[in-house]
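Given next are the chains, with one letter for each unit.
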Amino acid sequence: MGIRELFSWRSRSRFETLVDQHHKSLYSYAVWLCGDHARAEDLVQEVFVRAWQHLNQLSCPEAGRSWLISILRREHLRWLDKQGNGHQELALDVEHTDSYSAEHELQRHQLHRAILALEPGYMEPMLMQILGGYSIDEISAELSLSESAVQSRLYRARQQLQQQLGSTVKKPTKTTRKVI
Amino acid sequence: MDDLEFRRKVLSGDTHSPAIEQAAQHNPDRQRWLQQARVLEAELNTGLHHSAPAELAQRLKQIPSQRQRKHRPLAAAAALVLSIAVASTLNWQQPSALGDELLQHIANEPNTLYNRQPVSPATVALVAQRLGYLFSSPQTNISYASTCAVRGHLAVHLTVQTGQGSASVFLMPNETDQPVQQFSHHHLHGRVIPLVRGSAAILSTDTRLLDQLAASTVQQLSF
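From a predicted model like this one, the values you see are computed outputs, not experimental measurements.

(A) View of the environment of A:Glu124. Residues and elements named next belong to chain A. Tracing the sequence through the fold places Glu124 in helix H5 (residues 123-130). Here Glu124 falls in the buried class, since 20 other C-beta atoms lie within 10 Å of it. Remark: the alpha-carbon pair of Glu124 and Leu33, spanning 91 residues in sequence, is separated by 8.1 Å.

Now the structure itself:
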């Protein structure tokens, strides 16, 4: 194996590790961001095309997920710019393909509805924290917000979810949001 | 730590740190509250995940082989250009850069040819629409429809079933200014045709299908 092949093999191997480790989280993040499974799939492919082109910029493998999420957010914003709408109404279909029980599926559906009903700006810090594994200071840097603002958004997002899910249990038909 | 700070920390996602454990240790209200927050956290950890399509990882792993061809040494590129120039005098050319890429793509995704079950016309339309292509009539003879990366850009990839056999059709919005070109490798033949937007490519083992599908693709697409 020559030096070129060895280098190429190492890069490919790194890239495949990135795919294996992060494609599921990235896909989930993209679905929440786009509100559309098909668009999310395209977006993830675009992200990994960029990632392969700039793989040498990733010096630390532990930063892989946050690096990919940064690319994903940038690509998504670029796409929104192209669409000229700047924002999207999210309306995710509930996935019926998972082999969960009906009760579990209902809970999942209620959680999805509650997340979609969060105030603008509250969802993404939570996605970054849970799907991306970001710390509060990393979210603060990525979103250009102060750490206290990030903490406040994370806190309020969960508070709203608790209230929503609580109210859903008591009154299943009511879906309106309680604003703190 | 007062109650408000405790709640703020917990609802910011800190449900398991030693400081939080300690703050809740001798306070039943806080313990109950912490337990509720942990339940929510567990629900979020599972509920935020969406199942990724089964073949997505495999498709993503093919990106390097599709991209690397663009970065071959200049000598190889020159040799390729020369071979295309020589072959252009022949009826069937050696694979062009794009043709080569498409042949490799099919070789990497043999699963796209195995499935004989039709994909719904609505799904086909949606996949094509994602990259800006519209079919004038419902496509009922498609057994595979997805987007995938060709030379680093997204393309629509369809497998068409006909009475004479199957063919792969690619709609590539980023492949602009491609001349009509033909290529073959072993028994697989291909043709690239320019479209109003980008290019299309048809690959099949049956050359008659290339003529047939090239005509029908151009006829049925609008932009």
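Having seen the structure, we can now continue with the description.
(B) The confidence of the model for chain A, seen in detail. All names here are of chain A. Looking at chain A as a whole, the pLDDT averages 79, with 74% of positions reaching at least 70. Looking over chain A, one finds the lowest element-wise mean pLDDT in helix H4 (residues 102-116), namely 79, and the highest in H5, namely 92. Note that residues 85-91 has pLDDT below 50 and, in this model, six contacts with residues that lie over four places away or in other chains.

(C) Quick look at the interface of chain B and chain A. Tallying the contact residues gives 29 residues for chain B and 38 residues for chain A. At the level of secondary structure, the elements contributing two or more residues to the side of chain B that touches chain A comprise helix H1 (3-11), helix H3 (28-47), helix H4 (56-61), helix H5 (63-68), helix H9 (121-130) and strand S2 (142-150) of chain B. By residue number, the principal contributor to the side of chain B that touches chain A is H3(B), which donates five residues.

(D) Quick look at the pairing of strand S4 (residues 165-172) of chain B. Residues and elements named next belong to chain B. For S4, the tally of buried residues reaches seven of eight residues, placing the bulk of the element in the interior. Sheet analysis places strand S3 (residues 153-162) next to S4, joined by seven bridges and oriented antiparallel. Bridge pairing in S4 links Leu158 to Val169. If you look at the hairpin formed by S3 and S4, you'll find two residues sitting between the two strands. Here S4 runs beside strand S7 (residues 199-204); their pairing, made up of six bridges, is antiparallel. Across the sheet, the residue bridging to Ser168 is Leu203, located in S7.

Here is what the cut-offs are and how they apply
Residues numbered from 1 in each chain as written. Chains lettered and ligands numbered in written order. Predicted model: local features only at pLDDT ≥ 70, side-chain atom pairs only at ≥ 80, totals over all residues. Helix = DSSP H or I, 4+ residues; strand = E, 2+ residues; numbered from the N terminus. Buried ≥ 20, exposed ≤ 12 C-beta atoms within 10 Å, placed from the backbone. pLDDT = per-residue confidence, 0-100. Contact = placed C-beta atoms within 7 Å. Pairing = 2+ DSSP bridges.

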